[in-house]
Amino acid sequence: MSKRDYYEVLGVSRTVTEVELKSSFRKLAMQHHPDKNPGDKEAEIKFKEINEAYQILSDGQKRAAYDRFGHQAFENGGGGGPGGGADFSDFMSDIFDSFFGDARRAGPRGANGRERGADLRYNLEIGLEEAFAGKNSTIHVPTSVSCEACSGTGAKPGSKSRQCPTCGGHGRVRANQGFFSVERTCPTCSGRGEIIDDPCKNCQGAGRVTRERTLSVNIPAGVEDGTRIRLAGEGEAGLRGGPAGDLYIFLSIKPHAIFQRDGADLFCRVPIGLVSAALGGEIEVPTLSGEQARVKIPEGTQTGKQFRIKGKGMSVLRSRDVGDLYIQVVVETPQKLTARQRELLEEFERESSQNTHPETAGFFGRVKEFLGGLGGTA
Ligand SMILES: [Zn+2]
Ligand SMILES: [Zn+2]
């Protein structure tokens, strides 16, 4: 359903003179007058439509506004100055609501040009230990807050802003283009909905000023890298009494020098000496909480072997669960040997056999087989 063009309703062109307009209105009004058409609903609607069109087009200011903005110009009875009976205004606002009510509710701008403040993002980097234990962090956020001098109105204290005559305070205007009506920001007030003749000096009429706010953020134990924490209402101040936006804390966790995390589990690579790996023994390993744990290394431990320490991993968000700590050993080959060490190792080598190095023996056995196979087919 679309509202008919007022000129079309009155059967006149857009360049119609006042005299022609009046004559056309009289003729149509007589024709569709309820007294002449008792009980005819259609005639009654038509009569109302003719009256409405004439009220607008016969008033110079209203007609100019209508030419510029179409039906939108009379939203809430505003627009071309005072006038338009109560009946008429109600009728108009009903129409407006039925057309645009949902769109207005869905948008960020309320009926009085109120605007919700923007959401803000704050990047916060924490250490793995802090993610493990949880933390209360103090952050400083530059944000817009409502101007104290003018209480957010933007008008100089003591002065008043006036409603924008073009958009009637909505900040948006609609223009009809054929069947479609297009909503756009009001060109007169740039969407504010009001005109400030005497702007507040503290905020230059914006109603908001930039401040650094100090906030306390509670970081729960077990947070993951990339976790977002929402602080409702801690974003930018709203405009003209609109609600404040939200503040989102984006957490990132610094890489740790010793531990790698995988969900609830922690991993740690621990180098051990060649002799310890061969003879076995006990090693001390660190845990994220700071205390040391002991791990038993069996005889003949190879590089890459993993040992699990239960319950020494990462804390789990909103839970009492704790993950595990995996210790992966890396056997370190001795370097920069003294003459005596070299002598001992050489002696050890002479004592070595397939039994002491089954992996090596097995591998070279397979290589020999492989090369022999190649020779056979060549
Ligand atoms: Zn101010
Ligand atoms: Zn405006």
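Provided above is the structure to which this section pertains.
Here is a short report on the structure shown in this document. In this text the structure is predicted, and so the values were computed from the model without any measurement.

As a further point, take the overall build of the protein chain. When you go through the protein chain residue by residue, the secondary structure sums to nine helices and 15 strands. Residue pairs in contact within the protein chain that sit at least 24 positions apart in sequence constitute 62% of those at least 6 positions apart. Carbon and sulfur atoms provide 50% of the accessible area of the protein chain, an area that totals close to 23,300 Å².

Distances from the zinc ion (ligand 1) to its protein donors, Cys147 (SG), Cys150 (SG), Cys200 (SG) and Cys203 (SG), fall within 2.2 to 2.3 Å. Around the zinc ion (ligand 1), the four donor atoms are arranged such that angles at the metal cover 103 to 114°; this shape is classified as tetrahedral. The sequence pattern describing where the donors of the zinc ion (ligand 1) fall on their chain is C-x2-C-x49-C-x2-C.

On to the packing of aromatic side chains. If you walk through the whole model with that rule in mind, you get five aromatic pairs. Ring centres 6.2 Å apart and planes at 45° place the aromatic pair Tyr7 and Tyr66 in the tilted group. Of this pair, Tyr7 sits in helix 1 (residues 6–9) while Tyr66 sits in helix 4 (residues 60–69), placing them 59 residues apart in sequence. No difference in accessibility class separates Tyr7 from Tyr66, as the two residues are buried. With 4.0 Å between their ring centres and 5° between their planes, Phe25 and Tyr54 make a pair best called stacked. Here Phe25, found in helix 2 (residues 18–32), pairs with Tyr54, found in helix 3 (residues 41–57); they are 29 residues apart in sequence, far enough to count as distant. A relative accessible area of 16% places Tyr54 in the buried class. These aromatic residues form a ring-pair network of at least three members: Tyr6, Tyr7 and Tyr66. Over the aromatic face of Phe250 sits the side chain of Arg121, whose NZ or CZ is 3.6 Å from the ring centroid.

Let us look at the sheet that holds strand 11 (residues 265–273). To summarise the sheet geometry, strands pair through backbone hydrogen bonds and adopt either a parallel or an antiparallel arrangement. Strand order in the open sheet formed by four strands is 10-11-15-14, and the pairing between neighbours is mixed. Edge positions in the sheet fall to strand 10 (260–262) and strand 14 (306–309), since each of these pairs with one other strand and no more. Pairs of neighbouring strands in the sheet enclose a mean axial angle of 30°, with direction left out of account. For strand 14 and strand 15 (residues 325–332), the ladder comprises four bridges, and the chain directions are antiparallel. Its bridge partner being in strand 15, Gln306 is matched across the sheet by Gln328.

By the element assignment, Ile45 lies in helix 3. The class for Ile45 is exposed, based on a relative accessible area of 58%. Each C-alpha atom of the pair Ile45 and Pro34 lies 9.4 Å from the other, and the pair is eleven residues apart in sequence.

The next subject is the layout of surface pockets. The rolling of a water-molecule-sized probe over the atoms marks out the regions of remaining empty space. The volume enclosed by the largest pocket comes to roughly 900 Å³. In terms of lining residues, the largest pocket is bounded by 24 residues, among which Leu274, Val275, Ala278, Phe348 and His357 are the most central. Elements represented by at least two residues in the lining of the largest pocket include exactly helix 7 (274–279), helix 8 (339–351) and helix 9 (358–377). Along the lines of polarity and charge, the residues of the lining of the largest pocket split into twelve nonpolar, ten polar and two charged.

Around the zinc ion (ligand 2), the protein contributes the donor atoms Cys164 (SG), Cys167 (SG), Cys186 (SG) and Cys189 (SG), at 2.2 to 2.3 Å from the metal centre. Every donor counted, the four donor atoms about the zinc ion (ligand 2) form angles of 102 to 114° at the centre, which fits tetrahedral coordination.

Turning our attention to the nonpolar core. If you look at the biggest cluster of nonpolar residues, it comprises 36 residues, and the most contacted ones within it are Ile249 and Ile327. Non-local contacts of Ile327, meaning those with residues more than four positions away in its chain, are made with Cys268, Val270, Val285, Val295, Lys305, Gln306, Phe307 and Ile309.

Time to look at the sheet that holds strand 8 (residues 228–231). With mixed pairing, the three strands of this open sheet are ordered in space as 1-9-8. The open sheet has two edge strands, strand 1 (120–126) and strand 8, and neither has a second partner. Between one strand and the next, the sheet's axes are offset by a mean angle of 25°, whatever the strand orientation. Here four bridges tie strand 8 to strand 9 (residues 247–253), and the two strands are oriented antiparallel to one another. Opposite Arg230, over in strand 9, you have Tyr248 as the bridge partner.

What follows concerns the side chain of Thr143. Inspection of the secondary structure puts Thr143 in strand 2 (residues 135–146). Not counting residues within four places of it along the chain, the set of residues in contact with Thr143 comprises Leu120, Val209, Thr210, Arg211, Arg213, Gly235 and Glu236.

Each value, and the rule that gives it
- Residue numbers restart at each chain and count upward from 1, following the sequence in its written direction.
- As they are written, the chains are lettered A onward and the ligands numbered 1 onward, keeping that order.
- At least 70 in pLDDT is required for a residue's local features to be given in this predicted model, at least 80 for side-chain atom pairs to be given and counted, and no such filter applies to totals for whole chains, interfaces and linings, which use all residues.
- Excluding hydrogens and water, the side-chain figures rest on all heavy atoms present in the structure.
- Numbered from the N terminus, helices here are DSSP runs of H or I no shorter than four residues, and strands are runs of E no shorter than two.
- In this description, contact between two residues means that some pair of their heavy atoms is separated by no more than 4.5 Å.
- Only the protein chains shown count as cover for residues, and all accessible areas are computed by the Shrake-Rupley method using a 1.4 Å probe.
- Sites may look incomplete, because water is not among the atoms used; the donor set itself consists of N, O and S atoms within 2.8 Å of the metal (3.2 Å for Na, K and Ca).
- Note on geometry labels: four donors, all angles 85 to 135 degrees, give tetrahedral; four donors become square planar and six octahedral when opposite donors are over 155 degrees apart and every other angle is between 65 and 115; remaining cases are irregular.
- Each Phe, Tyr or Trp ring, with Trp reduced to its six-membered ring, pairs with another whose centre is within 6.5 Å; inter-plane angles below 30 degrees give stacked pairs, above 60 give edge-to-face pairs, and intermediate values give tilted ones.
- Throughout, exposure labels follow a simple rule: accessible area from a 1.4 Å probe, protein chains only, divided by the maximum for the residue type, with under 20% read as buried, over 50% as exposed, and the rest as partly exposed.
- Whether a charge lies above a ring is judged from NZ of Lys or CZ of Arg, which has to be within 6 Å of the ring centre and within 35 degrees of the ring normal.
- A pair of strands is labelled paired if DSSP reports no fewer than 2 bridges between them.
- To obtain each axis, a line is fitted to C-alpha atoms, and for helices this fit is confined to the stretch in contact; angles are then taken between N-to-C directions over 0 to 180 degrees.
- Think of a 1 Å grid over just the protein atoms. A cavity is a set of points where a 1.4 Å probe fits yet cannot get out, a pocket is an open set with protein on both sides within 12 Å along at least five of seven lines, and lining residues have an atom within 4 Å of a point.
- Grid points are joined across faces, edges and corners, and a volume is the space filled by probe spheres set on the points.
- Residues are sorted three ways: Asp, Glu, Lys and Arg are charged, Ala, Val, Leu, Ile, Met, Phe, Trp, Tyr, Cys and Pro are nonpolar, and all the rest, Gly among them, are polar.
- Only buried residues count toward a nonpolar core, which is a set of Ala, Val, Leu, Ile, Met, Phe, Trp, Tyr and Cys residues joined through side-chain atoms within 4.5 Å.

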